[in-house]
Amino acid sequence: MRAELIAPRHTHGQRYLTAFVEGLRRHGVATGEGGDFVVMWGHKRRDIIEGPRPYVVLELAYVGNRQAACSVGWNGLNGRAWFPTGPARWRIDLQPWRTVDGPACLIGQVPGDASLHGADMAGFYRSVTVPAVFRPHPLAIRQKVDGLPLHTGPLAQAFARFSHVITWNSNTAVEAVIAGVPAVAVDRGSMAWDVSGRDVNAAPPRPDRRAWADRLTWCQWTAQELADGTAWEAVRHGYRTET
């Protein structure tokens, strides 16, 4: 088996790709052009996404410091990818569900981001009619939504002040649910899809989160786990998986 590598342009992605390749080689998987599958950072190469070969997507982690680990999934991005499952590899500390009497926090996302798949985000933002504030993404800080006040403070401050978060598929929903803040996520690409509401104008549920949290531990890996082959031993079973 051989993997074709699509090198990222930034050092963060290069670090994790290099570690992942070391893990592949420990399992006897070579690298080179025309490989049986492709390994790439991010989800922007349409020729690979729409091509015949399986592919592995490396991206930011979902839990904790997102740059301190790397997500590894097959044939899709975030909630559209295949990830392995099993008993929790480590325990995510879930905070009790909170009840806050306040407006919702509508979470902005970077326009044109690959995770949006061309969604009409302006229309999504306008569809929110419950009392809400808008929190723009740090990389699109000038973004506004007519009629909604802005909140640009830390997420922890937002979690303490607002009743719940409303997202398209932002990872903020993951952070919120872990912190005990209910979330709405309307796109199945959200990693919090299984524990979130769908209706942007209704109160979201407060389901049991333990099984969901345990599955998240199989979605991200440290650089050491990539390099020593632990990650590949788990994720290799997704080869040829359709999602």
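Small disclaimer: the values here were computed from a predicted structure and weren't measured.

Procedures and definitions
- Residues numbered from 1 in each chain as written.
- Predicted model: local features only at pLDDT ≥ 70, side-chain atom pairs only at ≥ 80, totals over all residues.
- Heavy atoms only, no water.
- Helix = DSSP H or I, 4+ residues; strand = E, 2+ residues; numbered from the N terminus.
- Expected span 1.5 Å × (residues − 1).
- Buried < 20%, exposed > 50% of the residue type's maximum accessible area, 1.4 Å probe, protein only.
- Pairing = 2+ DSSP bridges.
- Axes fitted to C-alpha atoms, helices over the stretch in contact; angles between N-to-C directions.
- 1 Å grid on protein atoms, 1.4 Å probe; cavity = no way out; pocket = protein on both sides within 12 Å on 5 of 7 lines; lining within 4 Å.
- Points joined across faces, edges and corners; volume = space filled by probe spheres on them.
- Nonpolar A, V, L, I, M, F, W, Y, C, P; charged D, E, K, R; others polar.

Engineer: Would you mind showing me how to read helix α1 (residues 11-26) here?
Structural biologist: An α-helical turn contains 3.6 residues, so any two residues separated by three or four positions project in the same direction. The end-to-end C-alpha distance of α1, which contains 16 residues, comes to 23 Å, matching closely the 22 Å that a straight helix rising 1.5 Å per residue would cover. Every buried residue of α1 is listed here: His12, Gly13, Tyr16, Leu17, Ala19, Phe20, Val21, Gly23 and Leu24. Looking at the residues trailing α1, positive phi occurs at Gly28, about 80°.

Engineer: Looking at this structure, I do not really get the sheet that holds strand β7 (residues 132-135). What am I missing?
Structural biologist: To summarise the sheet geometry, strands pair through backbone hydrogen bonds and adopt either a parallel or an antiparallel arrangement. As summarised here, the arrangement of the four strands in space is β7-β6-β8-β9, forming an open sheet in which the pairing is parallel. Edge strands, defined here as strands with exactly one partner in the open sheet, are β7 and β9 (183-185). The mean angle between the axes of side-by-side strands here comes to 20°, regardless of whether they run parallel or antiparallel. Direction of pairing for strand β6 (residues 104-107) relative to β7: parallel, over a ladder of four bridges. Counterpart to Cys105 in the pairing with β7 is Val133.

Engineer: Hey, could you run me through the layout of surface pockets in this one?
Structural biologist: Taking a probe equal in size to a water molecule and rolling it over the atoms shows the remaining empty space. What the largest pocket holds in volume is close to 1,200 Å³. Those elements that provide at least two residues to the lining of the largest pocket are β3 (37-41), β4 (55-60) and α5 (172-178). Grouping the amino acids of the lining of the largest pocket by side-chain chemistry returns 16 nonpolar, 17 polar and eight charged. Estimated volume of the second largest pocket: approximately 320 Å³. Contributing to the lining of the second largest pocket are 16 residues, with Gly79, Phe83, Met191, Asp194 and Arg215 lying nearest its centre. Residues belonging to the lining of the second largest pocket are distributed by class as follows: nine nonpolar, four polar and three charged.

Engineer: Help me understand empty space enclosed by the protein, please; the structure alone is not making it clear to me.
Structural biologist: Per the stated rule, a full pass over the model turns up one cavity of 30 Å³ or more. Of the volumes computed, that of the largest cavity is approximately 40 Å³. Lining the largest cavity we find Val57, Glu59, Tyr62, Ser71, Gly73, Gly76, Leu77, Asn78, Ala81 and Phe83. Of all elements in the fold, only β4 and β5 (70-74) reach the threshold of two or more residues within the lining of the largest cavity.

Worth remembering: the numbers are spatial, not functional.
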